[in-house]
Amino acid sequence: MLYDRIGAAYTVTRRTEPRIAAAVWAALGDARTVLNVGAGTGSYEPADRDVLAVEPSAVMRAQRPAGAAPCVAAPAESLPFKDQSFDAAMAFATIHHWQDPIAGLREMQRVARRVVVFTHDTSDAGWLDRFWLTRDYLPETAELLVGRPSAQELADSIGARVEPVLIPWDCVDGFFEAYWRRPEAYLDDRVRRGVSVWTRVGPAAEQRAVHSLRADLDSGRWADRNRDLLDLDAAELGLRLLVS
Ligand SMILES: C[S@@+](CC[C@H](N)C(=O)[O-])C[C@H]1O[C@@H](n2cnc3c(N)ncnc32)[C@H](O)[C@@H]1O
């Protein structure tokens, strides 16, 4: 279990981003009972509904704050609940870690009337080029995507619609793309340790990317290449909500 190895410092940089949470909670509609699958430390769990969490990593479960929703140890692909036990099931920034994401989505649909998933769309050939970090510093990200279903394939497997989610420039949840307008953040080891991509590409690629980004920030090359981003308040970098 990857997160038993890398998850210990998760809450240093990872927390609920209120503007993205608003989109997730709106998509939950009038659901009173909500299952949060791959729940981690409890980010994005709505406080005004009856939530049950599912999380296979003991290290992540141990970091859930006092008073967080109860949490069951299980993988998404085999949810220990009867059919249609919940009004809704949600999954945030987790399905790219599942061994079989489509099986997990079908499980969510089996146990809940509504399914809301936050993930990223990597199907577009331009996706890798859209974010300067993957395009100019970490092309190894492409290797992590081999064999993964596209967002549309995931959506089709449960009859979901796909909605784009913009990332605010000052996003407070430190996921991979969160610092698109704050490039210095990626030089900080604490920021990188909160995102599995950096571990998965390996230390050689990580160190090369950081070294090269630092040099481009110092020389002004990053600013020259990415001038157009500095006026944007939010960016479209392939993040998506799947809603069924
Ligand atoms: C990036 S974290 C996201 C956690 C939380 N949803 C959040 O938004 O902060 C990914 C989580 O997916 C969990 N995970 C990995 N494989 C899983 C699986 N097969 N089923 C359910 N969760 C899984 C990991 O243990 C980890 O807690």
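Above this text you will find the structure in question.
Computed from a predicted structure; not experimentally measured.

(A) A look at unusual backbone geometry. Phi angles above zero are rare outside glycine, and Tyr 44 is one such case at about 70°. Looking at where Tyr 44 falls in the secondary structure, it is placed in the loop between β1 (33-37) and β2 (50-54). One non-glycine residue, Gln 84, adopts positive backbone phi at about 55°. By the element assignment, Gln 84 lies in the loop between β3 (71-72) and β4 (86-92).

(B) Molecular detail of the sheet that holds strand β5 (residues 112-120). Spatially, seven strands are ordered β3-β2-β1-β4-β5-β9-β6 in an open sheet, and the strand pairing comes out mixed. In the strand order of this sheet, the two ends are held by β3 and β6 (161-164), each with one partner. Where β6 and strand β9 (residues 239-243) come together, four bridges link them in antiparallel fashion. Bridging from a neighbouring strand, Pro 164 pairs with Arg 240 of β9.

(C) Spatial organisation of the packing of aromatic side chains. Within this structure, the stated rule accounts for 14 aromatic pairs. Arranged with centres 6.5 Å apart and planes meeting at 45°, the rings of Tyr 186 and Trp 198 form a pair that is tilted. Of this pair, Tyr 186 sits in the loop between β7 (167-168) and α9 (189-193) while Trp 198 is found in helix α10 (residues 196-201), placing the two residues 12 residues apart along the sequence. Like Tyr 186, the residue Trp 198 is buried in the burial classification. Put simply, the rings of Phe 131, Trp 132, Tyr 137, Phe 176, Tyr 179, Tyr 186, Trp 198 and Trp 222 touch in pairs and so form one group of aromatic residues. Over the ring of Trp 169 we find Arg 181, and its NZ or CZ is 4.2 Å from the ring centre. Note that Arg 192 overlies the ring of Trp 198, its terminal NZ or CZ placed 6.0 Å from the centroid.

(D) Region of interest: helix α5 (residues 101-111). Taken together, the buried positions of α5 are occupied by Pro 101, Gly 104, Leu 105, Glu 107, Met 108 and Val 111. Buried residues in α5, looked at end-on, bunch into an arc of 155°, giving them a common side. Those residues of α5 that are buried lie in contact with β1, β4, β5 and α8 (151-157).

(E) Expanded view of helix α11 (residues 203-219). For α11, which comprises 17 residues, the first-to-last C-alpha distance of 24 Å matches the rise-based estimate of 24 Å (1.5 Å per residue) to within 8%. Positioned one or two residues after α11, Gly 220 has a phi angle of 90°, which is positive.

(F) The arrangement of the nonpolar core in detail. Counting 46 residues, the largest nonpolar core has Trp 132 and Tyr 186 as the members making the most contacts within it. Counting residues per element, this core draws most heavily on helix α3 (residues 18-27), at four residues. In terms of nonpolar packing, the next biggest core, distinct from the first, is built from 25 residues, Ile 95, Leu 105, Leu 154 and Leu 242 among them.

(G) Quick look at the side chain of Glu 17. Within the fold, Glu 17 resides in the loop between α2 (10-13) and α3. For Glu 17, the residues in contact, after removing those within four places along its chain, are Tyr 44, Pro 168, Asp 170, Cys 171, Val 172 and Asp 173.

(H) The arrangement of the pattern of salt bridges in detail. The final tally for this structure, using the stated rule, is 23 salt bridges. Arg 192 serves as the salt-bridge partner of Asp 189, at 3.2 Å between the closest nitrogen and oxygen. Of this pair, Asp 189 and Arg 192 both sit in helix α9, separated by three residues, roughly a single helical turn. The exposure class assigned to Arg 192 is buried, which follows from its relative accessible area of 5%. For Arg 240, the salt bridge identified is with Glu 236, shortest N-O distance 3.0 Å. Judged by its relative accessible area of 12%, Arg 240 falls in the buried class.

(I) Summary view of the site of the ligand. Residues in close proximity to the ligand total 20 residues, the closest being Tyr 10, Gly 38, Glu 55, Phe 92 and Thr 94. In the environment of the ligand, a nitrogen atom lies 3.0 Å from a nitrogen or oxygen atom belonging to the side chain of Glu 77. Here an oxygen atom of the ligand sits 2.8 Å away from a polar atom, N or O, in the side chain of Thr 94. About the coverage of the ligand: the protein hides 97% of its 600 Å² of free accessible area.

Analysis parameters
- Residues numbered from 1 in each chain as written.
- Predicted model: local features only at pLDDT ≥ 70, side-chain atom pairs only at ≥ 80, totals over all residues.
- Heavy atoms only, no water.
- Helix = DSSP H or I, 4+ residues; strand = E, 2+ residues; numbered from the N terminus.
- Pairing = 2+ DSSP bridges.
- Phe/Tyr/Trp six-rings, centres within 6.5 Å; stacked < 30°, edge-to-face > 60°.
- Buried < 20%, exposed > 50% of the residue type's maximum accessible area, 1.4 Å probe, protein only.
- Lys NZ or Arg CZ within 6 Å of the ring centre and 35° of its normal.
- Arc of directions from axis to C-beta.
- Contact = heavy atoms within 4.5 Å.
- Expected span 1.5 Å × (residues − 1).
- Core = buried A, V, L, I, M, F, W, Y, C linked by side-chain atoms within 4.5 Å.
- Salt bridge = Lys/Arg side-chain N within 4 Å of Asp/Glu carboxyl O.
- Near = heavy atom within 4 Å.
- Polar contact = N/O pair within 3.5 Å; in protein donor to acceptor, adjacent residues only side chain to side chain.
- Areas by Shrake-Rupley, 256 points an atom, 1.4 Å probe, with all protein chains shown as cover.

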